[in-house]
Amino acid sequence: MFRKLFDHIPLFLRPAIFISGLSDILSLWQRAGAKERGILILVFAPMLVCLAGLLLSVVSFVLFVLPSFVLRLLGWGVLTAIFGAGGRYCYERMTGRSVPRGGASTRAGGYEQAYTDVKFTENEPGPRAQTGEGTSAPHREEVRRRWFERVRGKK
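For clarity, every value in this text was computed on a predicted model and none was experimentally measured. (Residues numbered from 1 in each chain as written. Predicted model: local features only at pLDDT ≥ 70, side-chain atom pairs only at ≥ 80, totals over all residues. Heavy atoms only, no water.)

(A) Spatial organisation of the overall build of the chain. Secondary structure assignment for the chain yields 6 helices and 0 strands. The secondary structure elements of the chain, listed N-terminal to C-terminal, are α-α-α-α-α-α. Buried residues in the chain amount to 8% of all 155 residues. Contacts in the chain between residues far apart in sequence, at least 24 positions, make up 36% of those at least 6 positions apart. With the model as given, the accessible surface of the chain reaches about 13400 Å², and the carbon-plus-sulfur share is 68%. (Helix = DSSP H or I, 4+ residues; strand = E, 2+ residues; numbered from the N terminus. Buried < 20%, exposed > 50% of the residue type's maximum accessible area, 1.4 Å probe, protein only. Contact = heavy atoms within 4.5 Å. Areas by Shrake-Rupley, 256 points an atom, 1.4 Å probe, with all protein chains shown as cover.)

(B) Highlighting the environment of Arg-37. Take Arg-37: it is sitting in helix H3 (residues 34-95). Setting aside anything within four residues of it in sequence, one finds Arg-37 in contact with Trp-29, Gln-30 and Ala-32. Among the polar contacts made by the side chain of Arg-37, one reaches the main-chain carbonyl oxygen of Trp-29 at a distance of 3.0 Å. (Polar contact = N/O pair within 3.5 Å; in protein donor to acceptor, adjacent residues only side chain to side chain.)

(C) Up close: H3. Between its first and last C-alpha, H3 extends 85 Å over 62 residues, near the 92 Å set by a 1.5 Å rise per residue. Along H3, the sharpest change in direction is near 60 degrees and occurs at Phe-44; proline Pro-46 comes one to four residues later. Of the residues one or two after H3, Gly-96 is the one with positive phi, at around 80 degrees. (Expected span 1.5 Å × (residues − 1). Bend = angle between axes of the 7 residues up to and from the residue.)

(D) Seen up close, the confidence of the model for the chain. Per-residue pLDDT for the chain has a mean of 76; in total, 70% of the residues score no lower than 70. Within the chain, helix H5 (residues 127-131) has the poorest average pLDDT of any element, 48, and H3 the best, 91. Of the regions scoring below 50 in pLDDT, residues 106-116 engages in 15 contacts with residues more than four places distant in sequence or in other chains. Long-range and interchain partners of residues 128-132, a stretch whose pLDDT sits below 50, account for 4 contacts in this model, where long-range means more than four residues apart. (pLDDT = per-residue confidence, 0-100.)

Okay, here's the thing in structure tokens:
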């Protein structure tokens, strides 16, 4: 007798049987009268309570646990980025040296000068600037060319 019971346990534990069993109960509910509906509620009440608990657990996980986990990860990521940038800024200001960045420009060309070190206007006095005359066009072109080379990192 126990042998037959153990042989049928895997058949009863398949999810397809649970889903088809629920649809069977719903079809019986629609066809039944008041007396049969009372019997169905009495007999299947424990299963319906467990099903409601399962649905409540899934809904609470999706609505509360999963978003809090994702938001916690995003929060730690944002804090890491903020404190990393702050640490880099403080280190550069205290030591006067820039932290090498791991980007493609550092690996490819060895360019470690920060863009904040580039002057957008060069106020180097030329020979004519000291006398009060305007600078010549070739001198301005040379200043502009040097500025673009420093921005591109070809210094």
